[in-house]
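# Descriptive analysis of the structure
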Amino acid sequence: MTSIKLPPTEIIYEEIGYLKEFINKEARQKKSLLICSLHLLESFCIKEDVMRIEKLGEIYWLNRPLGYTDIKHIKKAINEMGNFIPEQIIAIGGGSAIDLAKVLSIFLTYPFKNLVENEEIRQCIKTKAYSTQKATLPVIAIPTTAGTGAELTKWSTVWDEEEKKKYSVEMELIYPKKAIIIPELMCQLSKRLTLSTTLDAFAHALEAYWSRATHPIIRNMALKSMEIIMMYLEMTLIDLENIEYRRKLCTASVLAGLAFSQTRTTASHSISYPLTLNHGVEHGFAVAMTLSSIYELNRGSFEEEEELERLFTQYGGLKSWLNSVAKKELKLSYWGISREMINDIAKESIAKGRMDNNPINLGVDDVNKLLIALL
Ligand SMILES: [Fe+2]
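Residues numbered from 1 in each chain as written. Predicted model: local features only at pLDDT ≥ 70, side-chain atom pairs only at ≥ 80, totals over all residues. Heavy atoms only, no water.

Our next topic: the coordination of the iron ion. In the first shell of the iron ion, the protein supplies Asp200 (OD), His204 (NE2), His269 (NE2) and His283 (NE2), at 2.2 Å from the metal. Spacing between the donor residues of the iron ion along the chain follows D-x3-H-x64-H-x13-H. You can see histidine 204 sitting in helix α8 (residues 191-210) and its partner histidine 269 sitting in helix α11 (residues 267-279), a full 65 residues away along the chain. Judged by its relative accessible area of 4%, histidine 269 falls in the buried class. (Donors = N, O, S within 2.8 Å, 3.2 Å for Na, K, Ca; no water. Helix = DSSP H or I, 4+ residues; strand = E, 2+ residues; numbered from the N terminus. Buried < 20%, exposed > 50% of the residue type's maximum accessible area, 1.4 Å probe, protein only.)

See the structure below:
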């Protein structure tokens, strides 16, 4: 039997003018923690509104920390807020801002709010002690990149730079309550960020398609997502402010997010983690660089493969399409990775729940070979 259950998140499409209205109305209905970078507040012309409402004590603005969400950001955020007790969390930003909101929705509620040291938070995450939590703060996610799908998943990726590890904090209660999709927000993305985040969405769709937990409905959503990305990504990279293209890529990202929120990812994401954590490869490129090799290995081992092949053939094959949008970033040497480093990367590439979700079993030797070909 195959069954499917979609995220409980309300998905709302809006236009750019809504953001100001949201900050002045909905954000004020409850005491809100707002996670957003100064740069985005200024770009979207809401800085003055946020500052005014913050003075009234209705919002606490947390300037989003740079880079991926790390264990150390959790306690730092709680300390910074002092006596402000939020009733909801609003995240405006990319996947890391939304991931921080989701993990704070747990750690800003008792008993976990009492944890004082980073080590206590680390242990709580490692042992999944947080899963006993009965309630979390509601999260409203307003993504500004179309790719990570963080607005539609029940997990939050938390990195641990100190211990060189990556954790997935997971529970039903951290599904965002609302995902507000405003395609105009994506027009400010650079070419490189547009490319890397869209490739991440593409990987979510493709990995959901062949995942061991796939489903006919999931495959249809994933296929549509990939179709849109293959058709519109290149055009968007040439015309970054084209709102029609941005709308298409937003929908592709939502479809990919819905798909992989139910299946999780597979081998490409599994291999990407040491590439990002130890070698600084941007997530979207880290996942995309192994997609075509893993597709070749997986062929013959997943359902409805012909439909996927039909789509890829229109673009001369998956490898050819990937190379047409991002040739240099998909090579390990571009990121300073040499032959001597590959053994260690391969050893750390077997992530539980990801690699064993791939339709065929892949071990360290397989990853080794695959990475050597990507030098
Ligand atoms: Fe991803």
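Continuing now.
For the rest of this paragraph, the subject is helix α6 (residues 95-107). Helical periodicity: at 3.6 residues per turn, an α-helix aligns residues three or four positions apart in one direction. Helix length check: α6, at 13 residues, gives a terminal C-alpha distance of 18 Å against a target of 18 Å (1.5 Å per residue), a fit within 8%. Taking burial as the measure, the 13 residues of α6 include 13 buried ones, the bulk of the element. (Expected span 1.5 Å × (residues − 1).)

Within strand β4 (residues 88-93), six of the six residues are buried, which leaves it mostly tucked inside the rest of the structure. Alternating positions in β4 separate into two faces, Gln88, Ile90 and Ile92 on one and Ile89, Ala91 and Gly93 on the other, with burial throughout. Note: strand β2 (residues 32-36) against β4, four bridges, orientation parallel. When the bridges of β4 are listed, leucine 34 appears paired with isoleucine 90. Judged from the five bridges that link them, β4 and strand β5 (residues 139-143) form a sheet pairing that is parallel. In the sheet register, isoleucine 92 faces β5, and the bridge partner there is isoleucine 142. (Pairing = 2+ DSSP bridges.)

Time to look at the environment of lysine 31. In this structure, lysine 31 sits in the loop between α2 (26-29) and β2. Accessibility expressed as a relative area gives 33% for lysine 31, which makes it partly exposed. A sequence separation of 57 residues divides lysine 31 from glutamine 88, and the C-alpha atoms of the two residues are 6.5 Å apart. Other than its neighbours up to four places away in sequence, lysine 31 contacts Gly57, Glu58, Phe84, Ile85, Pro86, Glu87 and Gln88. (Contact = heavy atoms within 4.5 Å.)

This brings us to unusual backbone geometry. With glycine set apart, most residues show a phi of negative sign, and most peptide bonds adopt trans. The backbone of cysteine 45 sits at a positive phi, close to 55 degrees, despite the residue not being glycine. Mapping cysteine 45 onto the fold places it in the loop between α3 (38-43) and α4 (47-55). Of note, arginine 264 is a non-glycine position whose phi angle comes to about 70 degrees, a positive value. Relative to the elements of secondary structure, arginine 264 occurs in the loop between α10 (243-263) and α11. For arginine 264, a relative accessible area of 22% corresponds to the partly exposed category.

What follows covers the packing of α8 against helix α9 (residues 216-238). Following both chains from N to C, one finds α8 and α9 inclined at 160 degrees, their axes separated by 8 Å at the closest point. Put simply, α8 runs roughly antiparallel to α9. By crossing handedness, the relation of α8 to α9 is classed as left-handed. Residues Lys191, Thr194, Leu195, Thr198, Leu199, Ala201, Phe202, Ala205, Leu206, Ala208 and Tyr209 of α8 lie in contact with α9, whose contacting residues are Ile218, Arg219, Ala222, Leu223, Ser225, Met226, Ile229, Met230, Leu233, Thr236 and Leu237. For the contact of α8 with α9, the residue count by class is 16 nonpolar, four polar and two charged. (Axes fitted to C-alpha atoms, helices over the stretch in contact; angles between N-to-C directions. Parallel < 35°, antiparallel > 145°, perpendicular 65-115°, else oblique. Left-handed = near helix turned anticlockwise from the far one by under 90°. Nonpolar A, V, L, I, M, F, W, Y, C, P; charged D, E, K, R; others polar.)

Another aspect to go through is the UniProt feature "domain: Fe-containing alcohol dehydrogenase-like C-terminal" (unreviewed entry) in the protein chain. UniProt records the feature "domain: Fe-containing alcohol dehydrogenase-like C-terminal" (unreviewed entry) at residues 194-373, using the numbering of this structure. A helix fraction of 67% and a strand fraction of 0% characterise residues 194-373, whose end C-alpha atoms lie 26 Å from each other. (UniProt positions renumbered as here; feature names shortened; annotations may be inferred.)

Moving on to the sheet that holds strand β8 (residues 178-181). Taking strand neighbours across the sheet as the criterion, the six strands line up as β1-β8-β5-β4-β2-β3 in an open arrangement whose pairing is parallel. Lying at the two open borders of the sheet, with one neighbouring strand each, are β1 (10-13) and β3 (59-63). Here the average twist between neighbouring strands, direction ignored, is 15 degrees. Note that β1 and β8 share four bridges and pair parallel. Its bridge partner lying in β8, glutamate 10 is registered against lysine 178. Along the sheet face, α6 touches β2, β3, β4 and β5 and points at about 165 degrees away from the line of β4.

For the rest of this paragraph, the subject is the nonpolar core. Grouped together as the largest cluster of nonpolar side chains are 73 residues, with contacts concentrated most on Leu199, Phe202, Met226, Phe312 and Trp321. If you tally residues by element for this core, the top one is α9, at eleven residues. Taken together, domain 1 (10-183) and domain 2 (189-372) each give at least three residues to this core, which thus spans both. Other than its neighbours up to four places away in sequence, tryptophan 321 contacts Leu199, Phe202, Ile229, Met230, Leu233 and Tyr315. In terms of nonpolar packing, the next biggest core, distinct from the first, is built from 36 residues, Leu33, Cys124, Leu137 and Val139 among them. (Core = buried A, V, L, I, M, F, W, Y, C linked by side-chain atoms within 4.5 Å. Domains from an automatic or database assignment.)

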